Each structure stands twice: as structure tokens, then as C-alpha cells.
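Listed below, chain by chain, are the residues.
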Amino acid sequence: WKDLTERAKDSARLTTLNPPDTAPALVLAYDFYEDASRDSDIVARNGIRHPGFVPPEPLKVLTR
């Protein structure tokens, strides 16, 4: 248990991102991760239909 706990403390976790307005996934990825290439992760994880129009609803994203 100690070994698994130690290994897991540095791993990515899910968190909730609450965008204030409708925005492209590319913009949200850059704002949250400072890496626009992670937009596909946001789209896939949240089942977004069109990556250009992400609604202002709670989104599940990885912390890293």
C-alpha cells in the first residue's frame, strides 16, 4: 500500500474545469495546460460534438 501510494502521488488526476463562456477546445487547452495540442483530450474525455464550440459546462480534465 505504501509503495502504491508513493507512486500515485505524482500521477495525473481528474479535476473539473468550469469555462466561463463558450470557447474552442484549443483555447481551453492552452488556458488550462499552456499547451494547445491537448485540445483533443478535452474533446474526447467530455464527448464534445464540435471542438470549436465547447459549452460553458463543467468539464473533466487531467491535472497534468
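Given the structure is predicted, the values throughout are model-derived calculations rather than measurements. (Residues numbered from 1 in each chain as written. Predicted model: local features only at pLDDT ≥ 70, side-chain atom pairs only at ≥ 80, totals over all residues. Heavy atoms only, no water.)

**Q** Tell me what's going on with the packing of helix H2 (residues 25-33) against helix H3 (residues 39-46), and back it up with residues and numbers.
**A** Here H2 crosses H3 at 110°, and the two axes come no closer than 8 Å. Looking at the two axes, H2 sits roughly perpendicular to H3. The two elements H2 and H3 meet at a crossing, and its hand is right-handed. Contacts from Ala 25, Leu 26, Leu 28, Ala 29 and Tyr 33 of H2 reach H3 at Asp 39, Asp 41, Ile 42 and Val 43. Along the lines of polarity and charge, the residues of the contact of H2 with H3 split into 7 nonpolar, no polar and 2 charged. (Axes fitted to C-alpha atoms, helices over the stretch in contact; angles between N-to-C directions. Helix = DSSP H or I, 4+ residues; strand = E, 2+ residues; numbered from the N terminus. Parallel < 35°, antiparallel > 145°, perpendicular 65-115°, else oblique. Left-handed = near helix turned anticlockwise from the far one by under 90°. Contact = heavy atoms within 4.5 Å. Nonpolar A, V, L, I, M, F, W, Y, C, P; charged D, E, K, R; others polar.)

**Q** Lay out the confidence of the model for the protein with the relevant residues and their values.
**A** For the protein, mean pLDDT is 92; residues scoring 70 or higher make up 100% of the total. Across the protein, the secondary-structure element scoring lowest on mean pLDDT is helix H1 (residues 2-8), at 81, and the one scoring highest is H3, at 96. (pLDDT = per-residue confidence, 0-100.)

**Q** With reference to specific residues and values, describe the environment of Ala 23.
**A** With respect to the element layout, Ala 23 can be found in the loop between strand S1 (14-17) and H2. Considered as a pair, Ala 23 and Val 54 are 31 residues apart in the sequence and their alpha carbons are 5.3 Å apart. In contact with Ala 23, other than residues within four places in its own chain, are Leu 28, Gly 52, Phe 53 and Val 54.

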